Amino acid sequence: MRYLTALLLLILLQIHAVAQQSLTAAQPPKSISSLGRSSTSSAELAQLPAVHLDGNYFSRDGHRFIPVGANWVPAKAAMQWPTQWDPKAIEADFARMHELGFNTIRLDFVWAWIEPRPGDYNPEAFREIDFLISLAHRYHIYLHPELLIGGEVGEAYWDVAYRQGKHPHSDPDMLRLETDHVGELARRYGKEPAILGWDLTDEPPFWIAADNTTDAMAINWTRLLTWSMRRYDSLHPIVVGTSMEDVGHGPFRPDNVREEADFFSVHPYSIYAPKLFPDAMLSERGTYGSAFETALSGSAGHPVMVQEIGASSAQYDPDEIAKFLRASLYSGLGAGANGFLIWCYTDAAPEQYRKVPYLRSPHETQFGLTTWDGKERPSAKMFQDFEKIVGSLDLTGIEPAPADAGIIVPNEWSKPRGDFSHFGLTGPEVVPYVSTDEGANVAGQSQPSFSEENAWITGSWLSSYILARRAGMKADFPREYEDWQKRPMVLLPSPLTSTDSFLVHVHSDFWEKAKQYVAQGGALYASVAADAAIPEMESLFGARLLDAIPKKDGDEITFKIVAPFGSLKVGDTFHYLVPAASPRSWGAVLAIKGGTVIAVDQDGRPALVANSVGSGKTLLSAYPLENYLAGVPAVFDKPENTYTVYRAFQEWSGVKPLFHSDQLSVEVAALSGKERGYAVVTNHGAGSQTVTITAAASLHSVSRITPEGPTQMKISGSTFKVDLGAYEGAVFEWK
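Structure report, in brief. (Residues numbered from 1 in each chain as written. Predicted model: local features only at pLDDT ≥ 70, side-chain atom pairs only at ≥ 80, totals over all residues. Heavy atoms only, no water.)

Now for the overall build of the protein. Across its full length, the protein holds 17 helices and 32 strands. In terms of overall dimensions, the protein is globule-like: its C-alpha atoms have a radius of gyration of 28 Å, near the 27 Å expected for 735 residues. If one aligns the C-alpha atoms of the protein with their principal axes, the spans along those axes are about 120 × 70 × 50 Å. Split into buried and exposed, the 735 residues of the protein put 59% on the buried side. Surface exposure of the protein reaches about 28800 Å², of which carbon and sulfur atoms provide 53%. Computing the positive centroid from 62 side-chain charges and the negative centroid from 87, the protein places the two 4 Å apart. (Helix = DSSP H or I, 4+ residues; strand = E, 2+ residues; numbered from the N terminus. Rg over C-alpha atoms; globule rule 2.2 N^0.38 Å. Buried < 20%, exposed > 50% of the residue type's maximum accessible area, 1.4 Å probe, protein only. Areas by Shrake-Rupley, 256 points an atom, 1.4 Å probe, with all protein chains shown as cover. Lys, Arg positive; Asp, Glu negative; His and termini not counted. Charge placed at Lys NZ, Arg CZ, Asp CG, Glu CD.)

Set out below in structure tokens:
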């Protein structure tokens, strides 16, 4: 009997043990941060909901949200993490990134790791991706994979052994392999909710082929890859992770990929674009970089994510980096950016300094929000506050407010090379039209380079954009053949009025549309240089071109106000230096044909001419003011009053922004909905400011959104006041 009792007890204990093992196996593994707890929390068990685009923003479970986080490159393994696989260290990174408040990371799916031989996929790579997905769910961090990774850190190009010199954007064999590769990932993970969206690759063109990738190659490559993915995946939005292809007029610029991409990316590294940003990192022009690129790319028709932004502590003081990032993030938020991923999560560990790519790129070693051993830099604390603020925004029914002013993007700049669709030719041609400037019309002929022309126009665009913001107006960049007439004001800074290079000016038939726009109540500003050509311009501007005003490099140009105009007073003066002895920098002699002279130059010739056409207004500058400002280092960090010309024209024409501030360096941008919205306020200046914010209509309530929660503001009619530190940003909910 005792034997039977003992045997029965042993059987019961074994059954209990098996049951406990089954229960444990049914639960997800405990995270490193939860070791020692008695049970797994319900939050850890929750699965990430699927994400889709809803208007300008991402949405999950019916609620819009803003992805915030960083690009993840581990400190110790760096770009070798797929082949130096360390699951414990990887999970520790996810736990740390969760503590830092990330809800999204961007990461590399290195091509050779997943497909070491053509068509031969590595099963271990998919097991590792599955592990990353499990961590994403556990730590509530979406994955934003970049595929076919070629670049990423320093000058390194992470190749596949079987490329064998073939062009990755045009060779038929490479295109087949690439489309099959991304299609395989879409087939396997097309329904995986932990993936925020697919990034076709990091910073195309592939670095190994950047100098000889054409517009057609970029379009075809993007078209083929997105087609391959969408055969299997209708859930995830697709982006092409471009870096400054917009301001650089690269082949992967937004206008070329917009038919295939669902949203755009910008990597606004103003510190590495000294021709466009001839300033210190922490400068007024530099901190407008993210907003400028968001506006320029977004005006091509899709939402924009700030997918990389940052600076290296090996080059800049960490406190200064935190200020730069803070102003850049808030300014980008106000411009309508729908996500923010810092470059990058952590510094590289010192052992990485002894091998490429870090060996050859000292600046790449210390971009982290944290040091390699996990200590937070000042930018990490700043970013955590930013994450909490944007995470508390109710974006239901909210969209970026419409622009007050449109800065025109010429069709010749935005169209792919070789597109003749707006050339005015109809029907069959007996004698074919061949452009001498489109390139590649003769076999083996190289595409012409327009780098100087592009620098010319982007510099003027950036100046005009900042001047508009300083005047209180929101500006965007409508394309020449799209809906620019919806803006109350249109800005045409030289070289948009030129005739020197077709890339940088509007078409001849633009001006007839401009007359109709102004006659119906629009306001149009233009600046010209000696290279300008505007057909029948006197009927629009009340003045016409007579001749050039040659000047030497460094000559001074002076404007003096001679007639009251908006808030400009008689006697107000403006001073500029001619940057080069070239018609692009010279002024133009104007003959007055019905317009009113508002200012004269140093020789008494007309410098600013105002005119009324129908129910609209125009203002013409005889000198390329925006081009003058573009090349002056730190021009917006010292007294500079050109914005008052824009503001006076705005006042005269009756354009009323939704919000404006009374401080020159403080930008206010609106995210608006029906009877509610958010005002995003950014101090681009080096000093603290007490700012009065004025709305176009009466305000019922205003609350400042802080990391700790909303704080009610005192309002007076349509105004409220706020104190902002240097390069500080803030968000206010208004009703």
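What follows covers the nonpolar core. Soluble, globular proteins show a tendency: their nonpolar side chains are buried together. Counting residues in hydrophobic clusters, the biggest one holds 206 residues, and the most contacted among them are Phe94, Trp461, Tyr465 and Leu492. Within the second largest apolar cluster, 19 residues are counted, among which are Val668, Ala695, Ala730 and Phe732. (Core = buried A, V, L, I, M, F, W, Y, C linked by side-chain atoms within 4.5 Å.)

Let us now look at the pattern of salt bridges. Inspection of the entire model under this criterion finds 42 salt bridges. Residue arginine 96 pairs with glutamate 376 through a salt bridge whose shortest N-O separation is 3.3 Å. Taken as a pair, arginine 96 in helix α3 (residues 87-99) and glutamate 376 in the loop between β11 (340-342) and α11 (378-391) lie far apart in primary sequence, 280 residues in all. A residue is classified by how much of its surface remains accessible, and arginine 96, at 18% relative accessible area, is buried. Each of Arg106, Glu146, Asp199, Asp202 and Glu308 takes part in a single network of salt bridges with overlapping partners. (Salt bridge = Lys/Arg side-chain N within 4 Å of Asp/Glu carboxyl O.)

As a further point, take unusual backbone geometry. Omega for the peptide link from valine 356 to proline 357 comes to 5°, which places this bond in the cis form. With respect to the helices and strands, proline 357 occurs in the loop between β11 and α11. That bond from serine 494 to proline 495 is cis: its omega, 25°, falls within 30 degrees of zero. Counting through the fold element by element, proline 495 comes out in the loop between β15 (489-492) and α14 (510-519).

What follows concerns the packing of aromatic side chains. Scanning all chains against the criterion turns up 42 aromatic pairs. With a centroid separation of 5.5 Å and an interplanar angle of 75°, the aromatic rings of phenylalanine 420 and tyrosine 433 are classed as edge-to-face. Taken together, the positions of phenylalanine 420 in the loop between α12 (411-414) and α13 (451-470) and tyrosine 433 in the loop between α12 and α13 put the pair 13 residues apart, joining distant regions of the chain. With 6.2 Å between their ring centres and 65° between their planes, tryptophan 511 and phenylalanine 541 make a pair best called edge-to-face. Here the residue tryptophan 511 occupies a position in helix α14, and phenylalanine 541 occupies one in helix α15 (residues 538-541), the gap between them amounting to 30 residues. Classification of tryptophan 511 by relative accessible area gives buried; the value is 4%. Among the residues examined, phenylalanine 541 registers a relative accessible area of 0% and is labelled buried. Members of the aromatic cluster, joined through ring pairs, are Trp72, Trp81, Trp85, Phe94, Phe109, Trp113 and Phe131. Sitting over the face of the ring of phenylalanine 126, arginine 188 holds its NZ or CZ atom 3.6 Å from the ring centroid. One cation-aromatic arrangement involves arginine 231 over tryptophan 227; the distance from NZ or CZ to the ring centre is 4.6 Å. (Phe/Tyr/Trp six-rings, centres within 6.5 Å; stacked < 30°, edge-to-face > 60°. Lys NZ or Arg CZ within 6 Å of the ring centre and 35° of its normal.)

As a further point, take the sheet that holds strand β1 (residues 51-54). What the three strands build is an open sheet, ordered β1-β2-β3; its pairing is antiparallel. Both edges of this open sheet fall to β1 and β3 (63-65), since each of them pairs with a single strand only. For this sheet the average axis-to-axis angle between neighbouring strands, irrespective of direction, equals 45°. Note: β1 against strand β2 (residues 57-60), four bridges, orientation antiparallel. Paired with valine 51 across the bridge in β2 is arginine 60. (Pairing = 2+ DSSP bridges. Axes fitted to C-alpha atoms, helices over the stretch in contact; angles between N-to-C directions.)

Attention now goes to a nonpolar patch on the surface. On the surface, Phe420, Leu425 and Tyr433 cluster together into a nonpolar patch covering about 280 Å² of accessible area. For leucine 425, the location among the structural elements is in the loop between α12 and α13. (Patch = residues over 30% accessible without salt bridge, like charges linked within 9 Å, V, L, I, M, F, W, Y side chains within 5 Å.)

The end-to-end C-alpha distance of helix α10 (residues 318-335) is 26 Å, a good match for the 26 Å that 18 residues give at a rise of 1.5 Å each. Most of α10 is tucked away: 13 of the 18 residues are buried. A side-chain oxygen of the first residue of α10 lies 2.9 Å from the backbone nitrogen of aspartate 319; this N-cap is aspartate 317. Looking one or two places after α10, you find glycine 336, whose phi comes out positive at around 110°. (Expected span 1.5 Å × (residues − 1). Polar contact = N/O pair within 3.5 Å; in protein donor to acceptor, adjacent residues only side chain to side chain.)

Direction vectors running N to C along α3 and helix α5 (residues 123-139) enclose 30°, while the axes themselves pass 10 Å from each other. Accordingly, the angle class assigned to the pair α3 and α5 is roughly parallel. α5 is crossed by α3, and the crossing has right-handed handedness. Mapping the contact onto sequence places Pro87, Ile90, Glu91, Phe94, Ala95 and His98 in α3 and Phe131, Leu132, Leu135, Ala136, Arg138 and Tyr139 in α5. Residue composition of the contact of α3 with α5, grouped by class: nine nonpolar, one polar and two charged. (Parallel < 35°, antiparallel > 145°, perpendicular 65-115°, else oblique. Left-handed = near helix turned anticlockwise from the far one by under 90°. Contact = heavy atoms within 4.5 Å. Nonpolar A, V, L, I, M, F, W, Y, C, P; charged D, E, K, R; others polar.)

Take the pairing of strand β32 (residues 729-734) next. In terms of burial, β32 is a largely internal element, six of the six residues being buried. Burial of β32 is two-sided: the residues Gly729, Val731 and Glu733 facing one way and the residues Ala730, Phe732 and Trp734 facing the other way are all buried. Note: strand β26 (residues 677-683) against β32, six bridges, orientation antiparallel. Looking at β32, one finds that threonine 682 is bridged to glycine 729. The pairing of strand β28 (residues 702-706) with β32 spans four bridges and is antiparallel.

Looking now at the layout of surface pockets. Of the voids in this model, the largest pocket is the one considered here, and its volume is about 1400 Å³. Lining the largest pocket are 45 residues, with Ser243, Met244, Glu245, Gly248 and Gly250 positioned closest to its centre. The greatest single-element share of the lining of the largest pocket, amounting to six residues, is contributed by α13. Within the lining of the largest pocket, the residues separate by chemical class into 17 nonpolar, 17 polar and eleven charged. Of the volumes computed, that of the second largest pocket is approximately 660 Å³. As for the second largest pocket, its lining consists of 31 residues, and the residues nearest its centre are Gly298, Ser299, Pro400, Asp476 and Arg487. Of all the secondary-structure elements, those providing two or more residues to the lining of the second largest pocket are α9 (289-298), α10, α13, β14 (475-476) and β25 (666-672). For the lining of the second largest pocket, the element with the most residues is α9, which contributes three residues. When its residues are assigned to classes, the lining of the second largest pocket shows 14 nonpolar, nine polar and eight charged. (1 Å grid on protein atoms, 1.4 Å probe; cavity = no way out; pocket = protein on both sides within 12 Å on 5 of 7 lines; lining within 4 Å. Points joined across faces, edges and corners; volume = space filled by probe spheres on them.)

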